[in-house]
Amino acid sequence: MENLHSKVKEFVKENERNIVQDIKDICAIKSLPGEPAPNAPFGVENRKALDLALAMSQRLGLDTKDCEGYLGYAEVKGESDKYIASIAHLDVVPEGNGWKADPFVVREVDGWLIGRGVCDDKGPAIITMYMLKFFKDNYEKLPYTLRALFGCEEETGMRDVEYYLENYPAPVFAFTPDANFPVCCGEKGIAAANLISAKIENGNVVSFTAGVASNVIPDRASISVKTDKELPQAEGIEISAENGVATLKAYGIGGHAAMPEGTKNAIGMLVEYCLANALLTAEEEKYFKVLSDLHSSTDGAGVGIASDDGIFTPLTCIGGMMKLEDGKFVQNINIRFPTSITGDEIKAALTAKLAAVGGTVEMPRDNPPFYVDKNSEPIQALLKAYNDITGENAQAYTIGGGTYARHFPSAAAFGIEPSAAYPDYFPDFIGPVHGAEEGYDIKGFMRALEILILATAKLMEIDF
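Rules used in this analysis
- Residues numbered from 1 in each chain as written.
- Predicted model: local features only at pLDDT ≥ 70, side-chain atom pairs only at ≥ 80, totals over all residues.
- Heavy atoms only, no water.
- Helix = DSSP H or I, 4+ residues; strand = E, 2+ residues; numbered from the N terminus.
- Rg over C-alpha atoms; globule rule 2.2 N^0.38 Å.
- Buried < 20%, exposed > 50% of the residue type's maximum accessible area, 1.4 Å probe, protein only.
- Contact = heavy atoms within 4.5 Å.
- Areas by Shrake-Rupley, 256 points an atom, 1.4 Å probe, with all protein chains shown as cover.
- 1 Å grid on protein atoms, 1.4 Å probe; cavity = no way out; pocket = protein on both sides within 12 Å on 5 of 7 lines; lining within 4 Å.
- Points joined across faces, edges and corners; volume = space filled by probe spheres on them.
- Nonpolar A, V, L, I, M, F, W, Y, C, P; charged D, E, K, R; others polar.
- Axes fitted to C-alpha atoms, helices over the stretch in contact; angles between N-to-C directions.
- Parallel < 35°, antiparallel > 145°, perpendicular 65-115°, else oblique.
- Left-handed = near helix turned anticlockwise from the far one by under 90°.

As a further point, take the overall build of the protein chain. The secondary structure content of the protein chain amounts to nine helices and 24 strands. Relative to the 2.2 N^0.38 estimate, which gives 23 Å for 464 residues, the radius of gyration of the protein chain is 23 Å and therefore close to what a compact globule would have. Along the longest, intermediate and shortest principal axes, the C-alpha atoms of the protein chain span 75 × 45 × 45 Å. The buried share of the protein chain, taken over its 464 residues, is 57%. A sequence separation of at least 24 residues applies to 75% of the contacts in the protein chain between residues at least 6 apart. Carbon and sulfur atoms form 48% of the exposed surface of the protein chain, whose accessible area is close to 18800 Å².

Quick look at the layout of surface pockets now. Where empty space is left becomes clear once a probe the size of a water molecule has been rolled over the atoms. Roughly 310 Å³ of volume is contained in the second largest pocket. For the second largest pocket, the lining is made up of 25 residues, of which Gly96, Asn97, Ile217, Asp219 and Gly254 are closest to its centre. When contributions to the lining of the second largest pocket are tallied by element, the ones reaching two or more residues are strand 11 (205–210), strand 12 (216–217) and strand 13 (220–226). Its residues assigned to classes, the lining of the second largest pocket shows 11 nonpolar, 10 polar and four charged.

Take the packing of helix 3 (residues 118–138) against helix 9 (residues 442–459) next. Orientation of helix 3 relative to helix 9, taken along the N-to-C sense of each, is 50°, at an axis distance of 9 Å. As far as their axial angle goes, helix 9 and helix 3 are oblique. By crossing handedness, the relation of helix 3 to helix 9 is classed as right-handed. Between helix 3, through Val118, Gly123, Pro124, Ile127, Thr128, Tyr130, Met131, Phe134 and Phe135, and helix 9, the contact on the second element is made entirely by Phe445, Leu449, Leu452, Ile453, Thr456 and Ala457. Taken together, the residues of the contact of helix 3 with helix 9 sort by class into 12 nonpolar, three polar and no charged.

As far as function goes, none of this settles anything; it's purely spatial.
Below is the structure:
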């Protein structure tokens with residue numbers, strides 16, 4: 001094992017600058033979802049990112065496969081057709097606001113890389129390519145085939161991995177480097193719903209817009225309201241008026257829907273301001289009071305869906321996107337729920353809440369929780385690799401986020417971000433994933449590569 005450790009460290013050191021450059025190159029592609037095109041079901045920019053990932057893999061001497069544009073992979077053939085896989089995604093969430101420079105030009109600052117997708121999940125995707133390169137260069141023949149899968153639609157639906165598993169055999173075990181170390185063995189259920197108001201006739205609100213994605217807490221929101229009032233100043237809200245219409249812009253603190261602690265939803269800020277200053281008609285006010293209940297906390301208590309099972313952290317519920325369309329307000333919400341409540345129960349509670357004000361509920365997404373026994377051989381293999389490198393005695397954990405892992409028969413989320421034992425890991429100039437100034441440190445990437453290589457070596461020893 002000591003010989004393996006030394007080989008891994010030498011490999012990581014030799015490849016550090018190439019890894020950094022590859023991360024910079026792939027993050028330069030603005031791989032947001034777009035209109036389907038031939039061999040590009042999720043748009044041409046996502047296709048460009050996949051093409052580059054496959055080209056990089058070929059440059060490293062790896063075999064590659066394009067799975068009809070839905071997904072692609074690099075591969076090292078083993079003695080068996082059974083395979084172990086990593087899976088990372090190349091799509092990103094929209095850049096949002098608050099960046100200090102172009103988010104698609106990666107900056108290197110004090111040993112940190114800053115740019116959209118650096119941490120979630122393009123940097124980790126590059127790491128998995130080099131993980132495969134290590135095994136190709138140092139093993140004559142692996143007991144199992146090894147694949148690094150590159151997805152193209154993780155952030156907006158995961159139809160990429162659904163297509164893959166419908167058309168290609170599943171791995172005997174998969175891990176996705178799209179969470180935190182040490183190893184995540186469970187993920188909350190994920191639901192997305194639209195809270196739709198009754199059609200408002202002759203309302204005061206002219207427009208209400210906010211949000212870039214369901215799973216992103218908006219840091220900015222804007223509403224225009226008909227009024228002749230002299231409106232009071234409020235913290236975080238910019239006010240302008242013209243021709244009897246006041247435009248209010250709220251500036252909050254954004255973040256990931258699964259981790260709402262420390263955020264401040266800009267939609268909720270505007271809702272409270274409009275209610276406090278009587279800017280709404282009676283019909284609008286009814287619906288806005290529902291929104292006020294929604295935004296009063298992030299545990300779902302305001303809309304009757306708070307829940308806790310003692311396995312996962314309690315349910316979270318946030319407002320992601322907001323619009324006024326054809327006279328109806330539509331508040332999109334994102335819910336991460338434990339095993340103690342079901343999607344049907346959530347929809348029933350929300351429906352009752354909206355029905356009381358003449359509104360309706362749509363629930364386009366309802367994925368149940370995912371959990372793998374923390375004592376299973378693969379989970380313990382990942383844990384041992386992490387603890388061997390770090391000297392810790394860390395244990396498996398569960399999360400509120402959703403990763404590719406939930407789609408596979410046997411899988412886990414494994415790295416690359418630090419464990420909860422390091423709450424002060426990120427410096428002040430680095431923002432969160434899905435937020436402005438997203439970033440990760442080069443040393444962290446190199447340590448993650450070491451851990452992933454050693455973990456994969458241990459997985460290769462298991463009798464699947």
